[in-house]
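Letter by letter, the chains look like this.
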Amino acid sequence: MRLASVFQKIHDRTPKLGKAVSLATATGVILGNSFAGSIPVWLMGATKIITGADVADKAIIKIANHWIKSNNAVIDTVLPKKDWRIQLPEDVDTSGKYLLVSNHQSWVDTSIVQYIGQDRLPLTRFFTKFELIYIPIVGQTFYFLDFPMMRRHSKKQIAKNPALQGKDIIEAKRACSLLKDKPFTLLNYLEGTRFTQAKRDKQNSPYTHLLKPRAGGLALAINALGDEIDGILDMTIVYPDGIPTYADLWQGNIQRLSVDVRYLEVPDNLVAAIQNGGYEEDEDVKAQMFAWVEQIWQDKDARINEMLTKFEE
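Asker: Would you mind showing me how to read the packing of aromatic side chains here?
Answerer: The description of an aromatic ring pair uses the distance of the two centres, along with the angle that the planes make with each other. Applying the stated criterion across every chain yields a total of 7 aromatic pairs. The interplanar angle of 75 degrees and the centroid separation of 5.1 Å between the aromatic rings of Trp84 and Tyr115 together place this pair among those described as edge-to-face. Of the two residues, Trp84 sits in strand S1 (residues 83–87) while Tyr115 sits in helix H4 (residues 108–117), which places them 31 residues apart along the sequence. This pair shows no difference in class: Trp84 is buried, exactly as Tyr115 is. Here a set of aromatic residues connected by ring pairs shows up, and it is made of Trp42, Tyr143 and Phe144.

Asker: Just checking my understanding: could you explain the side chain of Asp109 for this structure?
Answerer: Note on placement: Asp109 falls in helix H4. Of the side chains with opposite charge, Arg194 lies nearest to the buried Asp109, which makes no salt bridge, at 7.5 Å. At 2.5 Å, the side chain of Asp109 and the side chain of Tyr239 are in polar contact.

Asker: How should the pattern of salt bridges be read in this particular structure?
Answerer: Should their charged atoms come close, side chains of opposite charge can pair. In total, this model carries 15 salt bridges according to the counting rule given. A salt bridge links Lys58 to Asp54; its shortest N-O distance comes to 3.3 Å. One end of the pair is Lys58 and the other is Asp54, both in helix H3 (residues 54–78) and 4 residues apart, which spans about a single turn. The exposure class assigned to Asp54 is partly exposed, which follows from its relative accessible area of 45%. For Asp119, the salt bridge identified is with Lys69, shortest N-O distance 3.4 Å. A residue pair is termed long-range when its members are at least 10 positions apart, and Asp119 in the loop between H4 and strand S3 (124–126) and Lys69 in helix H3 qualify at 50 residues. Taking the relative accessible area as the measure of exposure, Lys69 reaches 39% and is therefore partly exposed. Salt bridges sharing common partners tie together Lys48, Asp57, Asp146 and Lys182.

Asker: Can you walk me through the sheet that holds strand S7 (residues 231–238) in this structure?
Answerer: In a beta sheet, neighbouring strands are held together by backbone hydrogen bonds and run either parallel or antiparallel to one another. Ordered in space as S1-S8-S7-S2-S6-S3, the 6 strands form an open sheet in which the pairing is mixed. Since the sheet does not close on itself, it has two edges, and those belong to S1 and S3, each with one partner. Recorded for the sheet is a direction-independent mean angle of 25 degrees between the axes of neighbouring strands. Where S1 and strand S8 (residues 256–264) come together, 5 bridges link them in parallel fashion. Its bridge partner lying in S8, Arg85 is registered against Ser258.

Asker: Got a minute to help me understand the side chain of Thr185 in this structure?
Answerer: Here Thr185 lies in strand S6 (residues 184–189). A residue is classified by how much of its surface remains accessible, and Thr185, at 0% relative accessible area, is buried. Dropping the residues within four chain positions of it, Thr185 is found in contact with Tyr98, Leu100, Leu121, Pro122, Leu123, Thr124 and Arg125.

Asker: Hey, could you run me through the nonpolar core in this one?
Answerer: Side chains that are nonpolar tend, in soluble globular proteins, to be buried together. The biggest cluster of nonpolar side chains holds 44 residues, and the ones touching the most others in it are Trp84, Ile112, Ile116, Met235, Ile254, Leu257 and Val259. Tallying contributions element by element places H3 first for this core, with 7 residues. When sequence neighbours within four positions are dropped, the list of residues in contact with Ile254 reads Leu79, Lys82, Trp84, Val108, Tyr239, Pro244, Asp248 and Leu249. Ranked by size, the runner-up nonpolar core spans 37 residues in total, among them Leu218, Ala221, Val238 and Val271.

Asker: Can you walk me through a negative patch on the surface in this structure?
Answerer: On the surface, Glu90, Asp91, Asp93 and Asp230 cluster together into a patch of negative charge. With respect to the helices and strands, Asp93 occurs in the loop between S1 and strand S2 (97–102).

Asker: It is not clear to me how the environment of Asn71 should be interpreted in this structure. Could you clarify?
Answerer: Note on placement: Asn71 falls in helix H3. Given the relative accessible area of 5%, Asn71 is considered buried. C-alpha of Asn71 to C-alpha of Gln114: the two residues are 43 residues apart in sequence and 9.1 Å apart in space. With residues near it in sequence (within four places) discarded, Asn71 still touches Ile30 and Trp250.

Asker: Quick question: what am I supposed to make of unusual backbone geometry here?
Answerer: Backbone phi values are negative for most residues with the exception of glycine, while trans is the configuration of most peptide bonds. With a phi close to 65 degrees, Asp146 is a non-glycine residue in the positive phi region. With respect to the helices and strands, the residue Asp146 is situated in the loop between helix H5 (138–144) and strand S5 (149–150).

Asker: Quick question: what am I supposed to make of the packing of helix H9 (residues 216–225) against helix H11 (residues 268–275) here?
Answerer: The relative placement of two packed helices comes down to the angle between their axes together with the axis-to-axis distance. Packing of H9 against H11 brings their axes to within 8 Å, and their N-to-C directions diverge by 80 degrees. By the angle between their axes, H9 is roughly perpendicular relative to H11. Mapping the contact onto sequence places Ala219, Ile222 and Asn223 in H9 and Val271, Ile274 and Gln275 in H11. Among the residues forming the contact of H9 with H11, the class breakdown is 4 nonpolar, 2 polar and no charged.

Asker: Looking at this structure, how should I read the pairing of S2?
Answerer: Within a regular strand, side chains alternate between the sheet's two faces. Most of S2 is tucked away: 6 of the 6 residues are buried. As paired elements, S2 and S6 share 6 bridges and run parallel to each other. Bridge pairing in S6 places Leu99 opposite Leu186. Pairing analysis gives 5 bridges linking S2 to S7, with the strands arranged parallel. Each bridged residue has a counterpart across the sheet, and for Tyr98 the counterpart in S7 is Gly231.

Criteria and cut-off values
- Residues numbered from 1 in each chain as written.
- Predicted model: local features only at pLDDT ≥ 70, side-chain atom pairs only at ≥ 80, totals over all residues.
- Heavy atoms only, no water.
- Phe/Tyr/Trp six-rings, centres within 6.5 Å; stacked < 30°, edge-to-face > 60°.
- Helix = DSSP H or I, 4+ residues; strand = E, 2+ residues; numbered from the N terminus.
- Buried < 20%, exposed > 50% of the residue type's maximum accessible area, 1.4 Å probe, protein only.
- Lys, Arg positive; Asp, Glu negative; His and termini not counted.
- Salt bridge = Lys/Arg side-chain N within 4 Å of Asp/Glu carboxyl O.
- Polar contact = N/O pair within 3.5 Å; in protein donor to acceptor, adjacent residues only side chain to side chain.
- Pairing = 2+ DSSP bridges.
- Axes fitted to C-alpha atoms, helices over the stretch in contact; angles between N-to-C directions.
- Contact = heavy atoms within 4.5 Å.
- Core = buried A, V, L, I, M, F, W, Y, C linked by side-chain atoms within 4.5 Å.
- Patch = residues over 30% accessible without salt bridge, like charges linked within 9 Å, V, L, I, M, F, W, Y side chains within 5 Å.
- Areas by Shrake-Rupley, 256 points an atom, 1.4 Å probe, with all protein chains shown as cover.
- Charge placed at Lys NZ, Arg CZ, Asp CG, Glu CD.
- Parallel < 35°, antiparallel > 145°, perpendicular 65-115°, else oblique.
- Nonpolar A, V, L, I, M, F, W, Y, C, P; charged D, E, K, R; others polar.

Take a look at the structure:
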């Protein structure tokens, strides 16, 4: 706390210097932790791949959680004075298995998910492109942590090789199945991209604060993990002072934030239909899924208005 008060004094007296010191400190700590953790991650990852040892898998998760906790400590240090309003259900815990859907505005969102999930939710994973595996340290860590890594095939590739049709879905289900024997939070940004006003206008989105949602990724996760999950969580993230850049987080600029997390209820008949492959085969099931997701998004749009209004009271 003493260090946090030092940073706050610098920010109060010389804001520009405070931002520079905060960014430099955060960058140094994150890079240092990333490089320091890369060797044990590689060693444990290789052990896991070669032997399948459960102890290696747990070691990798422990290293990842340490990295996240270090980042969160940096946030609390470089931004000690903050009005962050966070609500989570009381019965979530780190031993659970959850699907998590959220609106998406900034690269900061994932760091916020990690911040609020510390000691409350299992390690967060999300769908990634398989090509990320070639990024040093980050890509291999995603792989060792069993992030669902998807190989997507373009229409052109499928036209040249029809055997690729449906292979991405099969691969995604296989990747999801790797999470079945461990606690997880599987994050899905239903909009598929970060929100901007220009994207909203181009889509002619019916929502004020959101892009149109997509249902495919969530349906796939329900199909692959439906019997395993303890619940589907809906996260709403609000930045009252405007959508931040990633640098804003580490400069200490995000002083106001609101996050609301609550359970979603999925109709039992819809879950059963999706698990039986109906989303991919039956247009009626797909329509039901879209209608359910769109209702969630309508509620979320209204909730964002309420969350913003509370900051003005």
